[in-house]
Amino acid sequence: MIPRDMHDAATDTAAAPAVHPAVTPMMAQYLEIKAAHRDALLFYRMGDFYELFFEDAVTAAAALDIALTKRGKHLGEDIAMCGVPVHAAEAYLLTLIRKGFRVAVCEQTEDPAEAKKRGYKAVVRREVVRLVTPGTLTEDALLEARAANYLAAFAEIRGEGALAWVDLSTGRLRVAPCAPDGLGASLARLSPREVLVNEQAEPGIAATIEGAGATLTPLPRGSFDSQSAVARLTKLFRVASLEAYGAFTRPELSALGALADYLELTQKGQLPLLSPPVREGAAAHMRLDAASRRNLEIARTLSGAREGSLLATIDRTVTGAGARLLADRLAAPLTDPGAIAARHDAIDWLLDQAGAADRLTAALKGAPDIERALSRLALARGGPRDLAAIRNGLRAAGTIAEVLVEAGAALSPLPPDLAEGVAALLGHDALAALLGAALVEEPPARLSDGGLIAAGYDTALDEARALRDEGRGVIARMQAEYAAATGVEALKIKHNNVLGYFIEVTARHAPRLHEDEAYIHRQTLANAHRFTTPALADIENRILNAGNRAQEIETRLFGELSAAVLAEHAALAGAAAALAAIDVAVAGAALAREADWTRPRVDDSRAFAIEGGRHPGVEAALRREGKTFVANDCALSAGPVGPSPLWLVTGPNMAGKSTFLRQNALIAILAQAGLFVPAARAHLGVVDQVFSRVGAADDLAAGRSTFMVEMVETAAILNQAGPRALVILDEIGRGTATYDGMSIAWATLEHLHDVNRCRGLFATHYHELTALADRLETLTPVSVQVREWEGEVIFLHEVAPGAADRSYGVQVARLAGLPEAVVARARAVLERLEARERGDDVPALLDGLPLFEASATRAPAPAAAAPEATPVRDRLAEIDPDALTPRDALDLIYELKRLTGP
């Protein structure tokens, strides 16, 4: 950020200021601080502004679109400068962080009056109090309320890896084994904002981290030392040993230790209150790789938007914490049938108790984000509204616990998850009463604004406020008295930060006050003279002292209340987690009731039987248009326990093959996330992996074509899928030559059947693959149904046994709007190709085939004759096409055929 010679100048100046007499004391201080934070933009506090200098100023001005100015010279050159107001700094910080910058916040840590005691040239002491990075944000203005903000650390020791992650805004800390080749999948699950790595390992994994959209932060090898990690972690959690938290591997300790080291570095010793580390087993959650998450659009659509994703479609939560928990559950579905059933039990109970669920929703809407308020208070970044958030959260917790207890006693016993939630919500009466008595209902944004503490809570504060407020009335009375005594009705008593309170009269009336010894002259302006009196000076001191006294008392009480809250940190964190879990359960019940979803049965079998399954996103979109979704069954477990069956899905484009494939994978994910599913019935044996290869995409930045990406993703599936996996593959081999592609698809299908032995749906246009059904024991051909009428195709969106006999590509091309001449030409070529494929005695491909007539695309259509009335036309006139379901359309076609006769 600053040229090397400037860093040297800073060091030299600090050691021997006489070497560079042109360097001012303030600039010497700046350069010294900047030298210690070369990789960050330095926000250097000067009064009401954060100033940036040199290259930092040039960079920040461009990134923030603010003015770049100059401030003096350094070593003969102009010093570039820009600045941002302290009161608006959060918005600028957010912009910089989103653009990938790190910011060192340098505050004045000394009262200017104290600095003056050292000499009039003394510089106010300043220190960097915090490094702001993408993974260490805590302020509401810098965070998404409904999304976690993870900081992760990856460690590898002798081929064994681990990933630790923390959300500093909530204090939740997790660690899990993570093989190096599984890092991409883990990052895709978490979507961390920043990932810490050993600087020696950085080159090998940089692409994986950057591909996950995270900022990569290399740290020295010492930060990942597993032995030093134990000392860091015991200090962080104030324990003598980590044994109470479980047994951690060396890579896990290394990753956790790196997080602790980085937090100490960025928070400058103000360590957050983190929950004890929780170790997640590798088999505790369903595995989904990055490609599958992207293809299934779980948290984001293929375009990167949240709207339209599975998460956005199902989210009915009303709190930020609930939304974050729902996202976590959807990102990491469980594999333990008992834990899954417990979540389903909570939704089931709430479905039966609609009245209680409505009351819970109303109470949850008033529950602030306790987790994030707690974290800010622990880091000394909290304000009055964070205390109010705790108070209001506890009020909501009491109401919610009361609703659940009453409903459980009067209606039916609470399921375990909700009963545990009630227990966590109770027992906070003393703290709730303290905050309720101490705080005003609507606290100010900043402590310095005053007015946080309620009247009647502290006697000394009430007295100071009374004197401060009464002083205003005293000043008004004094003004009236002085005006009457001098005969100057325009006399005013005013106040500014330089003179304090003063009497002001116009220049015309000033002689009257100059002649009276009671009035002491203070200042002469062009059109006014200013005076004071001993009485006015005395009341000023009393008022100012009262105001300062009130501020001091409020600051002390804020500290005491914050300490009382932090003393209950663990219990409050438990209550916050319970509120989030209850919000997710209530939202799950609301979704099930609204969309007619059903409880799935999940067990340890090899079952996969879905009746009337629907795609949640497509169904929601159709519902908004007043249309219905055609439901379909999927039975991949018709036989006894053994090799899991595969379905070979054929049918034309646009018929719904991809939708069918995706909906079954999404139903499995929803079920194991603990939610109800869009189906009439569903019985699923636990799926430990979901692999999805649907759609086409390239990776030009990495030099990979669409076909190469397809093959890489297919290879990952064939190399990793086990017998409990669910695999959905669509159009394997379509990116290359016909016979190459068919051969690859053929071999892939055989491998899934014979080697992976997994449950799967394999969609293809290669109808030749249906011949494998006679050889592969569990391969079942099915097709998405269509009907053809006078050259048009009607998509029924129904999946039925059997294979499609053609792809209807030319008809679909016509629907897409290809020129009629192109469609006609394609149809002629297709007929010749199909004839040759059948072995008919036809000429060579081009022999006798008319040349394409370009003029056909430009020929005007003949004028249409007036239509003749017929029974068919009369019947068609009665039809509203937009109101027809696919089944109605098919019935109509048969009716029209009867009307036309044999």
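Higher on the page you've got the structure.
First, a word on scope: everything that follows refers to the structure included in this document. (Residues numbered from 1 in each chain as written. Predicted model: local features only at pLDDT ≥ 70, side-chain atom pairs only at ≥ 80, totals over all residues. Heavy atoms only, no water.)

## Remarks on unusual backbone geometry
The phi angle at Ala380 is positive, at roughly 60°, despite the residue not being glycine. Look at Ala380 and you get exposed, because its relative accessible area is 60%. Of note in the backbone geometry, Asp596 takes a positive phi value of approximately 60° without being a glycine. Within the secondary structure, Asp596 sits in the loop between helix H22 (569-595) and strand S18 (601-603). Relative accessible area serves as the criterion here: at 58%, Asp596 is assigned to the exposed category. (Buried < 20%, exposed > 50% of the residue type's maximum accessible area, 1.4 Å probe, protein only. Helix = DSSP H or I, 4+ residues; strand = E, 2+ residues; numbered from the N terminus.)

## Observations concerning the sheet that holds strand S15 (residues 500-506)
The strand order S14-S15-S17-S16 describes an open sheet built from 4 strands, whose pairing is antiparallel. With one partner strand each, in any of the chains shown, strand S14 (492-496) and strand S16 (520-524) form the two edges of the open sheet. The sheet shows a mean angle of 40° between the axes of neighbouring strands, direction not considered. Its contacts with the sheet place helix H19 (residues 459-486) against S14 and S15, and it is angled at close to 135° to S14. Across the sheet, helix H21 (residues 534-567) is in contact with S14, S15, S16 and strand S17 (528-532); its angle to S15 comes to roughly 140°. (Pairing = 2+ DSSP bridges. Axes fitted to C-alpha atoms, helices over the stretch in contact; angles between N-to-C directions. Contact = heavy atoms within 4.5 Å.)

## Considerations on the packing of aromatic side chains
A complete count under the given rule lists 8 aromatic pairs for this structure. Note on Tyr30 and Tyr44: the rings are 5.3 Å apart at their centroids and 85° apart in plane angle, and the pair reads as edge-to-face. Taken as a pair, Tyr30 in helix H2 (residues 25-35) and Tyr44 in strand S1 (residues 41-46) lie far apart in primary sequence, 14 residues in all. Like Tyr30, the residue Tyr44 is buried in the burial classification. (Phe/Tyr/Trp six-rings, centres within 6.5 Å; stacked < 30°, edge-to-face > 60°.)

## Overview of the pattern of salt bridges
Taken as a whole, this structure holds 42 salt bridges when the rule is applied. Lys235 is the salt-bridge partner of Glu264, the closest N and O atoms lying 3.2 Å from each other. Placement of Glu264 in helix H9 (residues 250-266) and of Lys235 in helix H8 (residues 226-237) is noted, with a sequence separation of 29 residues between them. Between Glu406 and Arg359 there is a salt bridge, with its nearest N and O atoms 3.6 Å apart. With Glu406 in helix H16 (residues 384-410) and Arg359 in helix H14 (residues 354-364), this pair connects stretches of sequence that are 47 residues apart. Among the residues examined, Arg359 registers a relative accessible area of 43% and is labelled partly exposed. Among the charged side chains, a network of salt bridges with common partners joins Arg172, Arg324, Asp369 and Glu371. (Salt bridge = Lys/Arg side-chain N within 4 Å of Asp/Glu carboxyl O.)

## Side note on helix H30 (residues 886-899)
If you check H30, its first and last C-alpha atoms are 20 Å apart, about what 14 residues at 1.5 Å a residue would give, namely 20 Å. What H30 keeps buried is the set Pro886, Ala889, Leu890, Leu892, Ile893 and Leu896. End-on, the buried residues of H30 take up no more than an arc of 160°, which puts them together on one face. Of the surrounding secondary structure, the elements contacted by the buried residues of H30 are strand S26 (779-789), strand S27 (792-801) and helix H29 (871-877). (Expected span 1.5 Å × (residues − 1). Arc of directions from axis to C-beta.)

## Focus: the sheet that holds strand S9 (residues 172-177)
The strand order across the open sheet built from 6 strands is S11-S10-S7-S8-S9-S12, with neighbouring strands paired in mixed fashion. This sheet does not close on itself; its edge strands, each paired only once, are strand S11 (215-219) and strand S12 (278-279). Two strands pair when backbone bridges link them, and S9 and S12 are joined in this way by 2 bridges, in the parallel orientation. When the sheet's bridge partners are listed, Arg174 is paired in S12 with Val278.

## So, the pairing of strand S5 (residues 103-108)
Of all the 6 residues making up S5, 5 are buried; the element is thus mostly covered by neighbouring parts of the structure. The pairing of S1 with S5 spans 4 bridges and is parallel. Note on S5: the bridge partner recorded for Leu41 is Val103. Sheet topology places S5 next to strand S6 (residues 126-132); 6 bridges connect them, and they run antiparallel. When the sheet's bridge partners are listed, Gln108 is paired in S6 with Arg126.

## Things to note about the packing of helix H15 (residues 370-378) against H22
For the pair H15 and H22, interaxial distance at closest approach is 9 Å and the crossing angle is 155°. One finds that H15 runs roughly antiparallel with respect to H22. Contacts between H15 and H22 involve Ile370, Glu371 and Leu374 from the first element and His569, Leu572, Ala573, Ala576 and Leu579 from the second. (Parallel < 35°, antiparallel > 145°, perpendicular 65-115°, else oblique.)

## Considering the state of the cysteines
In the structure shown here, the tally under the stated rule is 0 disulfides. A disulfide-free cysteine, Cys758 has its sulfur positioned 13 Å from the sulfur of Cys634, the nearest such atom. With relative accessibility at 0%, the residue Cys758 sits in the buried group. (Disulfide = S-S within 2.5 Å.)

## Some words on the nonpolar core
Core analysis: the largest hydrophobic core is formed by 109 residues, its most contacted members being Leu330 and Ile390. The element contributing the most residues to this core is H22, with 14 residues. If sequence neighbours within four positions are ignored, Leu330 has contacts with Ile298, Leu310, Leu311, Ile314, Ile669, Leu670, Ala673 and Leu675. Ranked by size, the runner-up nonpolar core spans 27 residues in total, among them Leu151, Leu168, Leu253 and Leu379. (Core = buried A, V, L, I, M, F, W, Y, C linked by side-chain atoms within 4.5 Å.)

## Some details on the pairing of strand S22 (residues 681-685)
Across the 5 residues of S22, 4 count as buried, placing the element largely inside the fold. The sheet contact formed by S18 and S22 spans 3 bridges and is parallel. Paired with Val602 across the bridge in S22 is Leu684. Here 4 bridges tie strand S19 (residues 608-613) to S22, and the two strands are oriented antiparallel to one another. When the sheet's bridge partners are listed, Phe608 is paired in S22 with Leu684.

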